[in-house]
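What the coordinates show
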Number of protein chains: 2
Amino acid sequence: MTIYKGILDHISRYVELSDSEIKEFISILKTTRVKKRQFIVQPGFVSEYRNYIVEGAVRVYYLDDLGKEHTIIIAIEDWFFTDFYSYLNRTPAEYYAEALEDSLILQMKYEDVEELCSKIHSLSQYFRLFTERSMAHSYKRTISNISKTSEERYWEYVNKYPQIANRVPQYVLASYLGISPESISRFRSRS
Amino acid sequence: MTIYKGILDHISRYVELSDSEIKEFISILKTTRVKKRQFIVQPGFVSEYRNYIVEGAVRVYYLDDLGKEHTIIIAIEDWFFTDFYSYLNRTPAEYYAEALEDSLILQMKYEDVEELCSKIHSLSQYFRLFTERSMAHSYKRTISNISKTSEERYWEYVNKYPQIANRVPQYVLASYLGISPESISRFRSRS
DNA sequence: TTTTCTCCTTGATAAAGGTCAAGCCTTTTT
DNA sequence: AAAAAGGCTTGACCTTTATCAAGGAGAAAA
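Residues numbered from 1 in each chain as written. Chains lettered and ligands numbered in written order. Predicted model: local features only at pLDDT ≥ 70, side-chain atom pairs only at ≥ 80, totals over all residues. Heavy atoms only, no water.

Right, let's talk about the sheet that holds strand β5 (residues 69-75) of chain B for a bit. Residue and element names in this part refer to chain B. Pairing is antiparallel in the open sheet, where 4 strands are placed in the order β2-β7-β4-β5. In this open sheet, the two edge strands, each paired with only one partner strand, are β2 (39-41) and β5. Strand-to-strand twist across the sheet, computed as the mean angle between neighbouring axes with direction ignored, equals 30°. Pairing between strand β4 (residues 58-63) and strand β7 (residues 96-99): 4 bridges, direction antiparallel. Bridged to Y61 within β7 is Y96. Sheet strands touched by helix α8 (residues 170-177): β4 and β5. Its angle to β5, the strand with the most contacts, is close to 100°. (Pairing = 2+ DSSP bridges. Helix = DSSP H or I, 4+ residues; strand = E, 2+ residues; numbered from the N terminus. Axes fitted to C-alpha atoms, helices over the stretch in contact; angles between N-to-C directions. Contact = heavy atoms within 4.5 Å.)

Our focus in this paragraph is the sheet that holds strand β8 (residues 103-109) of chain B. Hydrogen bonds between backbone atoms are what pair the strands of a sheet, whose relative direction is either parallel or antiparallel. All names here are of chain B. A sheet is described by the order of its strands in space; here 4 strands give the open sequence β1-β8-β3-β6, paired in antiparallel fashion. The open sheet has two free edges, formed respectively by β1 (29-34) and β6 (80-81), since each of these has just one partner strand. Alignment of β1 against β8, held across 6 bridges, turns out to be antiparallel. Following the sheet pairing, L29 is matched in β8 by M108.

All right, on to the interface of chain A and chain B then. It is common to give the size of an interface as the accessible area that goes away when the parts come together. In this complex, chain A contributes 43 residues to the contact, which on the side of chain B involves 43 residues. Both sides together, the interface formed by chain A and chain B hides about 3,900 Å², and carbon and sulfur atoms give 61% of it. Looking only at chain A, the three residues that lose the most surface to chain B are A:R128, A:E132 and A:I146, adding up to 17% of its buried area. For the pair chain A and chain B, the number of links is 6 salt bridges. Of all elements in the fold, only β5 (69-75), α3 (84-89), α4 (110-119), α5 (121-147) and α8 (170-177) of chain A reach the threshold of two or more residues within the side of chain A that touches chain B. Here the residues of the side of chain A that touches chain B sort into 18 nonpolar, 15 polar and 10 charged. (Buried area = accessible area lost by both parts, 1.4 Å probe. Salt bridge = Lys/Arg side-chain N within 4 Å of Asp/Glu carboxyl O. Nonpolar A, V, L, I, M, F, W, Y, C, P; charged D, E, K, R; others polar.)

The next point concerns the protein's contact with DNA strand C. The environment of DNA strand C is made up of 18 residues, and the closest members are A:S150, A:S183, B:Q170, B:S185 and B:R186. In the interface set of DNA strand C, defined as its atoms within 4 Å of the protein, sugar plus phosphate atoms amount to 61%. For DNA strand C, a phosphate oxygen lies 2.8 Å from a polar atom in the backbone of B:Q170. One nitrogen or oxygen atom from the side chain of B:R186 is found 2.8 Å from a base oxygen belonging to DNA strand C. (Near = heavy atom within 4 Å. Polar contact = N/O pair within 3.5 Å; in protein donor to acceptor, adjacent residues only side chain to side chain.)

Here we come to empty space enclosed by the protein. Empty space among the atoms can be located by rolling a probe the size of a water molecule over them. For the coordinates displayed, the defined rule picks out 2 cavities of 30 Å³ or more. Here the largest cavity defines a volume of roughly 70 Å³. Lining of the largest cavity is provided by A:V60, A:I72, A:I73, A:T82, A:D83, A:F84, A:Y85, A:Y95, B:A136, B:Y139 and B:K140. Listed by contribution, the elements that provide at least two residues to the lining of the largest cavity are β5 and α3 of chain A together with α5 (121-147) of chain B. Among the elements that line the lining of the largest cavity, the one with the most residues is α5(B), at 3 residues. Here the lining of the largest cavity is composed, by residue class, of 8 nonpolar, 1 polar and 2 charged. For the second largest cavity, the calculated volume is near 50 Å³. In terms of lining, the second largest cavity is formed by A:A136, A:Y139, B:V60, B:I72, B:I73, B:T82, B:D83, B:F84, B:Y85 and B:Y95. Elements represented by at least two residues in the lining of the second largest cavity include exactly α5 of chain A together with β5 and α3 (84-89) of chain B. (1 Å grid on protein atoms, 1.4 Å probe; cavity = no way out; pocket = protein on both sides within 12 Å on 5 of 7 lines; lining within 4 Å. Points joined across faces, edges and corners; volume = space filled by probe spheres on them.)

Residues A:F25, A:M108, A:L123, B:F25, B:M108 and B:L123 are the most contacted members of the largest nonpolar core, which totals 54 residues. Beyond its immediate sequence surroundings of up to four residues, B:M108 is in contact with B:I7, B:F25, B:I28, B:L29, B:E48, B:Y49, B:R50, B:Y52, B:F80, B:Y87, B:V113 and B:F127. Listed in part, the 19 residues of the second largest apolar core include B:A57, B:I164, B:V168 and B:L173. (Core = buried A, V, L, I, M, F, W, Y, C linked by side-chain atoms within 4.5 Å. Buried < 20%, exposed > 50% of the residue type's maximum accessible area, 1.4 Å probe, protein only.)

A separate point is the relation of the copies chain A and chain B. When chain A is brought onto chain B, the operation consists of a screw motion whose angular component is 180° and whose axial shift is 0.0 Å, with 0.0 Å RMSD remaining. On the angle and the small slide along the axis, the relation comes out as a two-fold axis. By C-alpha distance to the rotation axis, the residue of chain A lying nearest is A:R128, at 2.0 Å. Here 100% of the interface residues in chain A have copies in chain B that are interface residues too; the copies meet face to matching face. (Least-squares fit on C-alpha atoms with pLDDT ≥ 70 in both.)

Let us look at the packing of aromatic side chains. Within the structure shown, the criterion is met by 32 aromatic pairs over all chains. Judged by centre distance (5.3 Å) and plane angle (50°), the ring pair of B:F39 and B:Y96 falls under tilted. Placement of B:F39 in strand β2 and of B:Y96 in strand β7 is noted, with a sequence separation of 57 residues between them. Between B:W79 and B:Y161 the ring centres are 5.9 Å apart and the planes differ by 75°, which places this aromatic pair in the edge-to-face class. Of the two residues, B:W79 sits in the loop between β5 and β6 while B:Y161 sits in the loop between α6 (150-160) and α7 (162-165), which places them 82 residues apart along the sequence. For B:W79, a relative accessible area of 32% translates into the label partly exposed. Grouping aromatic residues by their ring pairs yields a cluster made of A:Y14, A:Y52, A:F80, A:Y126, A:F127 and A:F130. Its guanidinium or amino end placed over the ring of B:Y61, B:R59 lies 4.0 Å from that ring's centre, counting from NZ or CZ. In this arrangement the basic side chain of B:K140 is found over the ring face of A:Y85, its NZ or CZ atom lying 4.8 Å from the centre. (Phe/Tyr/Trp six-rings, centres within 6.5 Å; stacked < 30°, edge-to-face > 60°. Lys NZ or Arg CZ within 6 Å of the ring centre and 35° of its normal.)

Here it is, written out as structure tokens:
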């Protein structure tokens, strides 16, 4: 089965691309395999690519002044990830993107995406609609962060994304939720 | 001066619209004046509009199970707001949008925006590029929420948005940051 | 002008969660 | 097979912040 099936299915949830448009889109995709613990994005380097996960898992995180890790994105199959700020502004990344498992990803360069979006109206529509939906999701995450207790947020995530919760190390999930691993152990032992 | 100047300037930071495209865009805008404390969005009603603030200030908030307010968006001139989830999915809103001051807003219906974006490529590009930038901003807010202390986050916001901080009631800012008003008083008295 | 309401501050107390250390179990590396 | 590393759990202790109550000051309403 073609490795592009996932991303083409993803696109078809939003818009319809013609065969020639699909061919053009595929032509800008770079297939990349990464090993567990390998970095796809590192601070100091411009995040040139927007990345889609065909298979595997990746997290995006940064280190605070004390060297403590804070995970911003946990991405699995069919999810996108990048240091979005660096990608959009062409500035050096502040975040790391690290493979949590051996992974297969599709990478698309900022310039290629921008050129193709200005050429293909439907592709621009796809990214607009998809990003708007992501924005709505992000608001929900913000709400959770400012209004719920740490324990509520932990169980909410576990219930909503059980496959992810069971697949990533607990310290990564802790880091993503802004909770210490010790607290998560205590929450788990209480239920 | 035309009340559309602000939003047209905003658009021109991203794309260039022709005169006829500008006319078409303006034709879908509904001018609305709201008084302080008036609601623009309320739970139970579909959020039909995406709103731009020409003048004034608005906050979007929801009430948790205990009736406590949690502010998700504080918007002033040149900012957009809506219950994005309701707006995109055509489902009843879960949030309130309330004017913090007498305000002048431009409202655009979901159907009108979608129709115009499928017709005008540059408009689709505008919303795509703008929403991507908002997404990058949202990540930064998430980072702040999961990695900083309440006090750090308070001062960070005050330093970054002094005009907003000085313009909205302290309890609104507290609600937005997920901090109690009493804690903010204590932070302020410590510095 | 007077009364009412809103917003903010301060004191006292309690709870949530972080931090540090130690130990155990599983996985990975040698 | 053995050693090392990674990940998780538990105990003890501490800090941060929330909650509740009370009061004051300023703004808004009557």
